[in-house]
Amino acid sequence: MARRHKGRKTAKTARAALLAAMLPGMALGQSLTPEGQTLPVYDQPEEVPQGPAGPALAPTESPDDSARFADGTEASQTPRVAARSGGLRITGSEAEGTGSPATLLADQVTLGADNRLTASGGVVIWYRGARLIASRVVYDNETGSAVIEGPIHLTEPARAGTPQETILIADSAQLDPNMQDGVLRGARLVLAREMQMAAREMRRSENGAVTRLDNVVASSCQICAENPIPLWEIRAQAITHDARTNKLHFDRPQLRALGLPIASLPWLTAPDPSVERMTGFLRPQFRTTSGLGFGIKLPYFVTLGDHADITLTPYVAVSRTRTLELRYRQAFSNGAMEWNGAISRDSIEQGRTRGYLFGGARFELPRGYMLGLQIQMASNRAYLLDYDISSADRLWSGLTLDRVRRDRMMMARIGNYESLREDEADEFTPSVVADALWKRRWTPGRIGGIASLEWSLHAHRRSSSLDRDGRDMARGSVALDWYRSAILPGGLVGTVETRLDADFYRINQDSDYDDWVVRADPVLAAELRWPFARHSGGVTHIVEPVAQLVWSPERDAEDKVPNEDSQLIEFDEGNLFALNRFPGWDARESGWRANLGIGWTRIDPAGWSIGLTAGRVFRDEADAAFESGATDPGFWDGGPLGGKRSDWLLAAHYSGSNGLAIANRALFDDGFSISRNELRLGWFRPGLQVSAGYLWLDSDEGESRDKDVSELTMAGGWQVAPGWWATTETRYDFTADRAQKAQLGLEYRNECITVEMSVERRFTSSEEVRPDTRLDLGIRLGGFGQQKPGPGTVARRACLR
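Residues numbered from 1 in each chain as written. Predicted model: local features only at pLDDT ≥ 70, side-chain atom pairs only at ≥ 80, totals over all residues. Heavy atoms only, no water.

Q: Pulling in residues and values, what's your account of the packing of aromatic side chains?
A: Tallying each qualifying case throughout the model produces 18 aromatic pairs. Measuring from ring centre to ring centre gives 4.7 Å for Trp 724 and Tyr 748, while their planes differ by 45°; the resulting arrangement is tilted. With Trp 724 in strand E42 (residues 724–733) and Tyr 748 in strand E43 (residues 738–749), the pair connects residues that are 24 residues apart, well separated along the chain. Residue class for Trp 724 comes out partly exposed when judged on its relative accessible area of 32%. Through successive ring pairs, a cluster of aromatic residues spans Tyr 315, Tyr 356, Phe 358, Tyr 383 and Tyr 387. In this structure, Lys 297 packs its charged tip against the face of Tyr 315, placed 5.3 Å from the ring centre. Across the ring face of Tyr 369, the terminal group of Arg 403 is positioned such that the distance to the ring centre comes to 5.2 Å. (Phe/Tyr/Trp six-rings, centres within 6.5 Å; stacked < 30°, edge-to-face > 60°. Helix = DSSP H or I, 4+ residues; strand = E, 2+ residues; numbered from the N terminus. Buried < 20%, exposed > 50% of the residue type's maximum accessible area, 1.4 Å probe, protein only. Lys NZ or Arg CZ within 6 Å of the ring centre and 35° of its normal.)

In structure tokens:
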């Protein structure tokens, strides 16, 4: 929009006079394109300040305890790391001096005989990335000072929307020639659009890097004219903000809630909203448990540079526990590690010192190899549950090495298992276990298809020296597989596959088996699929019948080996057409078998789909591998996959455009007696997150399950009201007719405060584990340090106008 320029000089002459008078002799500080955009300058590497090489630690966060290995043991945490920024820096086209020229726009600019330049009427000044808006500016060329009349609005547009954004508002000011330092009256400072501070007087120094506010009120709460009392505020004699260290220093602060004094301190130092990691106290956590009573956790976070930090958390609970928790994290140029531990003396087990140590590390080695380390130790499972550390009942410590490429894979693992279950004795379970696997896939030139070669090694050792109970075993295996598929006349899809498995076993301390066993198992399979598709009115129906015939020789008696790694067998739509449904190497299917199934899928243009899969396995003879050790075929009951005919498999799934997903699979015999059923439901949409599952399992001695399992698990979160987010989690055992766990949480968030509350009841009990009720409360004030957004919406205070 054009402006009118009046006075003794034209607008162009006035602008030049202001530049010459205010900032004489200085070079242009920015290079501008015709559109007014700043051009980036790529400095030489030696001119760019560089920190330590390698990744830096990400901000502190709550650990995710859902990571588990395939054997069910819990994986220790390794910290997230952030890659360092490169050597790109956006600056002016030339080195910025202390007095680079400014650009002025105003309705009226005059230069008086007293050598004072006056700009009035919609004054806008751009200088070194800063923009100042005022109603009147008077510059004295002799003293070099500028008197500015408000309302004044000083910002840096390039930082808008970033954590480094700063907004300064004042009634009047007297600034130095750099337009950053000086005195401002009736001022308000807003940091990252979160923390706002209002003061009678503000002083800026160090080229605007240090700001001191006197007789100040600070809060991140929205303040309305009709109700000027914020939810919380800090009043202080002075607040100093150092933009170089991103710290706020409070002189004699007083914390108030709803206008009432809560606490006073002689001084306080806190991070500003741009800080991700800084040494200091983290938010306290208040906790009440039935075992430990009321207590408080006060974590203290110490940064050891960008690549390491340590968190010390004292936990004191009404003379019932004295606990010190510790977490150490460090990032390296090729990896990261994290160690968590605690040591306690409490009234639960008086006179005994308990503790735990969980640690994990992962490093990248040359040629794409990844090395992992994990350490897990605990006094007992009760300690992990009493202090809400983990629900793990088996711990694993050891080393891993892996490398994955497009056509090959290598992995190795060696470590020690420690069982925390009361019904498991460590001396009778494999403690030291080692595994190695190498696999390669390629396409044969003459016969086509896809071939793969696999080598594997395994060994485990029990500490017991008893016969049978102390069995130790080692195995070496090689497998060669090839399959090829083609489209046949009539739309049929045919597949042939062959596989050869060879194993070499060494068995110790078990008189039921030979010391040395060598076996080989060839497999041949042929499969036909006949997909049909129909498209009408935007709706697509797909029907696909599948028939697969598999042969492998019957297992000889001298090939008998103990089944250590294939005790739990799944039968679902994922392995209905698998050559071998055992998850490990010790047990394999044998004989003639036909895997038959049919699938139907409906895809609707509205965005939802539904599918059904049904199938069954037929055998010429019952397979002894599925039986639970019975020698007489008359007593064989191999579960859903036993006998000449398996149970029927019926699986269904639904996926909707509204975020709802349902999946169910059931196994039942010819009399429609259900042996297994699993139902899962997930519903994720704004304001609602639900995940639930129901499981039914028949008792099975082969899987060490002497009772039926009927269990419901559910976890959910929903938006109760603006700013209010509720969560719930439960696990109910219908067989025992009692809940194992129940939890209810409630979180309130607005622009300036977050309150988290939760109550949890654990009902399980044993000789070591006791039922426990826990109540947690955490309060976090906004505006101090960067905070991650939580679920749901944020309550906003509405100001009436």
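Q: Help me get a handle on the environment of Arg 287, residues and values and all.
A: Relative to the helices and strands, Arg 287 is located in strand E18 (residues 285–289). You can call Arg 287 buried: its relative accessible area is 5%. In this view, Arg 287 contacts Gly 293, Phe 294, Gly 295, Lys 297, Tyr 315, Tyr 387, Asp 388, Arg 774, Leu 775 and Asp 776; residues no more than four positions away in its chain are not counted. Separated by 2.8 Å, the side chains of Arg 287 and Asp 776 make a polar contact. (Contact = heavy atoms within 4.5 Å. Polar contact = N/O pair within 3.5 Å; in protein donor to acceptor, adjacent residues only side chain to side chain.)

Q: Please provide a residue-by-residue account of a nonpolar patch on the surface, values included.
A: Judged by side-chain polarity, Trp 718, Val 720, Trp 724, Leu 744, Leu 746, Met 757, Val 759, Leu 775, Leu 777 and Ile 779 come together as a nonpolar surface patch covering roughly 800 Å² of accessible area. Looking at the nonpolar patch, the elements with two or more residues in it are strand E41 (709–721), E43, strand E44 (753–762) and strand E45 (772–781). For the nonpolar patch, the element with the highest residue contribution is E45, accounting for three residues. Looking at the secondary structure, you find Trp 718 in strand E41. (Patch = residues over 30% accessible without salt bridge, like charges linked within 9 Å, V, L, I, M, F, W, Y side chains within 5 Å. Areas by Shrake-Rupley, 256 points an atom, 1.4 Å probe, with all protein chains shown as cover. Salt bridge = Lys/Arg side-chain N within 4 Å of Asp/Glu carboxyl O.)

Q: Describe a negative patch on the surface, naming the residues involved and giving the relevant values.
A: Together, Glu 422, Asp 423, Glu 767 and Glu 768 line one region of the surface with negative charge. Its location among the elements puts Asp 423 in the loop between strand E27 (408–419) and strand E28 (432–442). (Lys, Arg positive; Asp, Glu negative; His and termini not counted. Charge placed at Lys NZ, Arg CZ, Asp CG, Glu CD.)

Q: Lay out the pattern of salt bridges in plain terms, naming residues and giving numbers.
A: Side chains that differ in charge, positive against negative, can pair when their charged atoms come close. Inspection of every chain in the model, using the stated rule, returns 55 salt bridges. Between Glu 544 and Arg 529 there is a salt bridge whose closest N-O contact spans 3.5 Å. Separated by 15 residues along the polypeptide, Glu 544 in strand E34 (residues 539–552) and Arg 529 in strand E32 (residues 516–529) bring together distant segments of the chain. Residue classification places Arg 529 among the partly exposed positions, given a relative accessible area of 22%.

Q: I'd like to hear about the confidence of the model for the protein chain, residue by residue, with values.
A: Per-chain confidence: the protein chain averages 84 in pLDDT, with 87% of residues scoring 70 or above. Looking at the elements of the protein chain, mean pLDDT is at its lowest for helix H1 (residues 11–22), recorded as 35, and at its highest for strand E29 (residues 450–461), recorded as 97. Note that residues 85–98 has pLDDT below 50 and, in this model, 29 contacts with residues that lie over four places away or in other chains. (pLDDT = per-residue confidence, 0-100.)

Q: Summarise the pairing of strand E24 (residues 353–364); cite the residues concerned and give the values.
A: Pairing of strand E23 (residues 335–346) with E24, which is carried by 11 bridges, proceeds in the antiparallel orientation. Note on E24: the bridge partner recorded for Gly 335 is Phe 363. The hairpin formed by E23 and E24 contains six residues between the paired strands, and Gly 351 there has a positive phi angle of roughly 75°. Looking at chain direction, E24 and strand E25 (residues 370–378) are connected through nine bridges and run antiparallel. The residue bridging Arg 362 from the neighbouring strand is Gly 372, located in E25. Taking the residues that link successive antiparallel strands as the turn, the E24-E25 hairpin has five residues, and the phi of Arg 367 there is positive, at about 65°. (Pairing = 2+ DSSP bridges.)

Q: Account for the pairing of strand E31 (residues 493–508), with residues named and values stated.
A: Across 16 bridges, the pairing between strand E30 (residues 472–487) and E31 is antiparallel. Within E31, the position partnered with Ser 477 by the bridge is Asp 503. Between E30 and E31, which pair antiparallel in sequence order, lie five residues; one of them, Gly 490, sits at a positive phi of approximately 85°. Alignment of E31 against E32, held across 14 bridges, turns out to be antiparallel. Bridge pairing in E32 places Val 493 opposite Arg 529.

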